[in-house]
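# An overview of the molecular structure
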Amino acid sequence: MTETEPLPTRLPEPHKTWWRAPFVASVFGLPVLAVEYAVTLEHDGMGQYGGMICTAMALYALAWVLPHRLSLRMPRILAAGAALLITLFPVGLLVLLAAMVSA
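Here goes a summary of the coordinates provided. Computed from a prediction, not measured in an experiment: that's the story for all the values here.

With that settled, the discussion passes to the side chain of R76. With respect to the helices and strands, R76 occurs in helix α3 (residues 73–102). Engagement of the side chain of R76 in a polar contact is seen with the backbone oxygen of A63, the distance being 3.5 Å. Within the structure, R76 has its side chain in polar contact with the backbone oxygen of L66 (distance 3.1 Å).

In structure tokens:
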């Protein structure tokens, strides 16, 4: 290399445990999201829950496709956590309402 040529830049090392947050969120959230999707389709289409289901699905996808660098660890955890929260919110609300009615 001559002195005028820039040095090649190296990409940072991939984070070894990048997959943990999306995996945990997907294991617990995707089956619940699939059931919610099936139930909403059975009752006159998506309606008001369509945006919630699409947002949760987009956040799951974002958590998986973010680059595998340590600097993007927190956005990956936040995307996976938000997707899981959005997915489990209606189920938690139903459990809370059932507990209130049965009391």
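A few words now on a nonpolar patch on the surface. Where nonpolar side chains cluster on the molecular surface, the patch consists of W19, F23, V24, V27, F28, L62, W64 and V65 and spans about 760 Å² of accessible area. Breaking the nonpolar patch down by element, the ones donating at least two residues are α1 (20–42) and α2 (50–65). Among the elements that make up the nonpolar patch, the one with the highest residue count is α1 (four residues). On the accessibility criterion, F28 (53% relative accessible area) is exposed.

Our focus in this paragraph is α1. Over its 23 residues, α1 runs 33 Å from end to end, which matches the ideal 33 Å to within 8%, given 1.5 Å per residue. Residue G29 marks the point of greatest curvature in α1, where the axis turns by about 35°; the proline P31 follows within four residues. Where α1 is buried, its residues contact α2 and α3. Positioned one or two residues after α1, D44 has a phi angle of 60°, which is positive.

About the criteria used
Residues numbered from 1 in each chain as written. Predicted model: local features only at pLDDT ≥ 70, side-chain atom pairs only at ≥ 80, totals over all residues. Heavy atoms only, no water. Helix = DSSP H or I, 4+ residues; strand = E, 2+ residues; numbered from the N terminus. Polar contact = N/O pair within 3.5 Å; in protein donor to acceptor, adjacent residues only side chain to side chain. Patch = residues over 30% accessible without salt bridge, like charges linked within 9 Å, V, L, I, M, F, W, Y side chains within 5 Å. Areas by Shrake-Rupley, 256 points an atom, 1.4 Å probe, with all protein chains shown as cover. Salt bridge = Lys/Arg side-chain N within 4 Å of Asp/Glu carboxyl O. Buried < 20%, exposed > 50% of the residue type's maximum accessible area, 1.4 Å probe, protein only. Expected span 1.5 Å × (residues − 1). Bend = angle between axes of the 7 residues up to and from the residue. Contact = heavy atoms within 4.5 Å.

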